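Listed here are the chains, written in short residue letters.
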Amino acid sequence: MRTETQQVSAQFVNSNFIKKIEDGRIKEAQTEGSAFIREFVRQESYARELITPITLQDDEIDRDENTDEPKKIVEKEPKSVATFVQFQGSGPRTWFRGPRYAIYFGKTESQHFTKSKYQLMTYQNDIRKLLSDNSVKDMADQEDLKFQQTIDALCDANIAVQETNAPAFNATSFRKAFQAMVDRKRPIGKISMTKSLYYEALDLPATSVG
């Protein structure tokens, strides 16, 4: 991938970009433009692709009894069982409890950028938009990091139950993972994997994955 270097000025890149367009070399110009503004691969948050964010209104925020920090109390589905009885019998009477847990909040912030308007005048590109767009994706990386740390903590709390290991990345490993979810009575939703692991999956025929 071509990247900008410290020795090449923005004016040189711009003039070279315009010359390519005037000569009809559109694809080369597209490559030059893309190379100028990107040094790192940035992406949207994958955590938001797995779990849909829920927006809370002001009146949905709960107060904490000890601090002024906001929180949200979420009710968890209570457990229940069924039993077989004769026609004259009845099921056991149970006082049920609806478990609840509290979710506390934090925030993700980008860097605070400062620049003199006179220094901004020296840039031939909209550096503010570039920093703004990249900062949004940098915050997405932080969301993904927190999401992955939470998953790792949940797995470490009960490795024997939460983790399913396989010696190789093949159809058998997919089957074992799906069976483990079914055995724990958990719904099978989306599969999250790194791009490197995804490339391993390219070696598998479609009939092996299902």
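For clarity, every value in this text was computed on a predicted model and none was experimentally measured. (Residues numbered from 1 in each chain as written. Predicted model: local features only at pLDDT ≥ 70, side-chain atom pairs only at ≥ 80, totals over all residues. Heavy atoms only, no water.)

**Q** Break down a nonpolar patch on the surface for me, citing the residues and quoting the values.
**A** A contiguous nonpolar patch, built from Ile61, Tyr101, Ile103 and Phe105 and spanning about 340 Å² of accessible area, is present on the exposed surface. Mapped onto the elements, Ile61 comes out in the loop between helix 3 (47-50) and strand 1 (71-75). Ile61 gets classed as partly exposed once you look at its relative accessible area, which sits at 33%. (Patch = residues over 30% accessible without salt bridge, like charges linked within 9 Å, V, L, I, M, F, W, Y side chains within 5 Å. Areas by Shrake-Rupley, 256 points an atom, 1.4 Å probe, with all protein chains shown as cover. Salt bridge = Lys/Arg side-chain N within 4 Å of Asp/Glu carboxyl O. Helix = DSSP H or I, 4+ residues; strand = E, 2+ residues; numbered from the N terminus. Buried < 20%, exposed > 50% of the residue type's maximum accessible area, 1.4 Å probe, protein only.)

**Q** Residues and numbers for the packing of aromatic side chains, please.
**A** Under the criterion given, the structure shown has four aromatic pairs. Arranged with centres 6.3 Å apart and planes meeting at 50°, the rings of Phe174 and Phe178 form a pair that is tilted. Pair noted here: Phe174 and Phe178 are both in helix 7 (residues 171-183), with a separation of four residues, about one helical turn. Among the residues examined, Phe174 registers a relative accessible area of 10% and is labelled buried. On the accessibility criterion, Phe178 (30% relative accessible area) is partly exposed. Look at Tyr198 and Tyr199: their rings are 6.0 Å apart centre to centre, the planes differ by 50°, and that puts the pair in the tilted class. Taking relative accessible area as the criterion, Tyr198 reaches 44% and is therefore assigned partly exposed. A relative accessible area of 48% means that Tyr199 is categorised as partly exposed. Pairwise contacts between aromatic rings join Phe169, Phe174 and Phe178 into one cluster. (Phe/Tyr/Trp six-rings, centres within 6.5 Å; stacked < 30°, edge-to-face > 60°.)

**Q** Can you explain helix 5 (residues 127-157)? Please cite residues and give values.
**A** Relative to the 45 Å expected for 31 residues at 1.5 Å per residue, helix 5 spans 45 Å between its end C-alpha atoms, a close match to the ideal helical length. The complete set of buried residues in helix 5 reads Asn134, Ser135, Ala140, Asp144, Phe147 and Cys155. Tucked inside the fold, the buried residues of helix 5 contact helix 3 and helix 6 (159-162). (Expected span 1.5 Å × (residues − 1). Contact = heavy atoms within 4.5 Å.)

**Q** Give a description of the environment of Val81 that names residues and reports values.
**A** Relative to the assigned elements, Val81 resides in the loop between strand 1 and strand 2 (100-104). For Val81, a relative accessible area of 84% corresponds to the exposed category.

**Q** Account for helix 7, with residues named and values stated.
**A** Along its 13 residues, helix 7 runs 18 Å from first to last C-alpha, staying within 8% of the 18 Å computed at 1.5 Å per residue. Those residues of helix 7 that fall on the buried side of the exposure criterion are Ser173, Phe174 and Ala180. Buried residues of helix 7 fall within an arc of 130° about the axis and therefore sit on the same side. Structural note: helix 7 exposes Val182 and Asp183 on the side pointing more than 90 degrees away from its buried face. Where helix 7 begins, one side-chain oxygen reaches toward the backbone nitrogen of Thr172, 3.1 Å away; that side chain belongs to Asn170. Following helix 7 by one or two positions, Lys185 has its phi on the positive side, about 60°. (Arc of directions from axis to C-beta. Polar contact = N/O pair within 3.5 Å; in protein donor to acceptor, adjacent residues only side chain to side chain.)

**Q** Which residues make up the side chain of Lys71, and what are the values?
**A** Inspection of the secondary structure puts Lys71 in strand 1. On the basis of relative accessibility, which here comes to 6%, the residue Lys71 falls in the buried class. For Lys71, the side chain forms a polar contact with the side chain of Asp64, separated by 3.4 Å. A distance of 3.2 Å separates polar atoms of two side chains, one belonging to Lys71 and the other to Glu65. Residue contacts for Lys71: discarding those within four places in its chain leaves Ile61, Asp62, Arg63, Asp64, Glu65, Ala102, Ile103, Tyr104 and Phe105.

**Q** Now, about the pattern of salt bridges: what can you tell me, with residues and values included?
**A** For side chains bearing opposite charge, pairing can occur when the charged atoms are close. Inspection of the entire model under this criterion finds five salt bridges. In this structure, the salt-bridge partner of Arg48 is Glu143, at a minimum N-O distance of 2.8 Å. With Arg48 in helix 3 and Glu143 in helix 5, this pair connects stretches of sequence that are 95 residues apart. Owing to a relative accessible area of 46%, Arg48 belongs among the partly exposed residues under this scheme. Using a relative accessible area of 27% as the deciding quantity, one classes Glu143 as partly exposed. Connected via shared salt-bridge partners are Asp64, Glu65 and Lys71.

These figures come from the coordinates and say nothing about function on their own.
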